[in-house]
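Remarks on the overall topology
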Amino acid sequence: MTVYKKFEDSLVSATEAALQKLLKEHNDIYIFSLNISRETPSVVAVANTYNNLKELAEPGDEDYFYYKYCEEEWDLWEYDSYKDIIIEELCSCTGTNNGIITEPGTYTSFFDSHCDEIIESCKNALIRLKGFKEKNCPGLLFMVYIREYLSADECISIFKQINGKHAAEEYLEHIDDFV
C-alpha cells in the first residue's frame, strides 16, 4: 500500500468523524471542504452553514457567491478529527525527499507532484464517503481547497468529480467570484 493510499484511507475515517461531529452540532451545513496547507503537512475540515452565509450576505447581494463558496469565509473549522493521523501520514510522504518539500518557499516539481497526490487522495476520500453523505446529509457539497494553488479550472474539475455535473452548475457560473 502506498503512503498516499494509506493517507486516503485515514482521511476517510477522519472525515467521517469530522462530519458526524459537525452534523451533530449544526443542522444547516451546506458545504464541507478538506483544506490542505502547503506550508505544513496538515489537513483540516472546513464547513459553512446557511446561518453563517445569511449573516454575511443575502441572495442577490454582489458578494453572495464569494461568501457561499470561499472556504476562508466559512465559520466551522474542525481540527481534532485529523490531529493524530494527518501530520504523521504527510510527514512520511515528505521524509524520503531530502527535505525538498519541507523547506519554506521551496516548491519543486517533486513538491508539486506531492501536492497532486494529496489532492487526489482527498478527492478520492470524499468520493468514498458518498454513501455516508447520501444517508446522513444528502444535499451537502464537498470540496478540496489549497490556498493560492488551484486554478479556477482545477477547482471546477474537482468540484464536478466529487459532487456531479448538476451540482457544479452554480459553482461554475460564479467561480470568478471566489477563486
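Residues numbered from 1 in each chain as written. Predicted model: local features only at pLDDT ≥ 70, side-chain atom pairs only at ≥ 80, totals over all residues. Heavy atoms only, no water.

Some details on the side chain of T49
- Relative to the helices and strands, T49 resides in strand β2 (residues 42-49).
- Judged by relative accessible area, T49 falls into the buried class, the value being 3%.
- Polar side-chain contacts of T49 include one of 3.0 Å to the backbone nitrogen of N52.
- Here D75 takes part through its side chain, which lies 3.3 Å from a polar atom of the side chain of T49.
- Sequence-distant contacts of T49, that is, excluding residues within four places in its chain, are made with H26, D28, I29, Y30, D75 and L76. (Helix = DSSP H or I, 4+ residues; strand = E, 2+ residues; numbered from the N terminus. Buried < 20%, exposed > 50% of the residue type's maximum accessible area, 1.4 Å probe, protein only. Polar contact = N/O pair within 3.5 Å; in protein donor to acceptor, adjacent residues only side chain to side chain. Contact = heavy atoms within 4.5 Å.)

Things to note about the nonpolar core
- Judged by nonpolar contacts, the single largest core of 55 residues is most densely connected at F32 and Y171.
- Taken together, the elements giving at least two residues each to this core come down to α1 (3-25), β1 (29-37), β2, α3 (64-69), α5 (109-128), β4 (141-146), α7 (152-163) and α8 (168-173).
- Counting residues per element, this core draws most heavily on α1, which supplies eight residues. (Core = buried A, V, L, I, M, F, W, Y, C linked by side-chain atoms within 4.5 Å.)

Looking at the pattern of salt bridges
- Taken as a whole and judged by the stated rule, the model has nine salt bridges.
- Linking K5 and E8 is a salt bridge whose minimum nitrogen-to-oxygen distance equals 3.7 Å. Taken together, the residues K5 and E8, both in helix α1 and three residues apart, mark about one turn of the helix.
- Here E8 falls in the buried class, since its relative accessible area comes to 9%.
- Salt-bridge contacts for E170 lead to K68; the nearest nitrogen and oxygen are separated by 2.7 Å. In this pair, E170 is assigned in helix α8 and K68 in helix α3, connecting sequence segments 102 residues apart.
- Overall, the relative accessible area of 28% leaves E170 in the partly exposed class.
- When its relative accessible area of 11% is taken as the criterion, K68 is described as buried.
- Shared partners join several salt bridges into a network, and the residues in it are K5, E8, D9 and R128. (Salt bridge = Lys/Arg side-chain N within 4 Å of Asp/Glu carboxyl O.)

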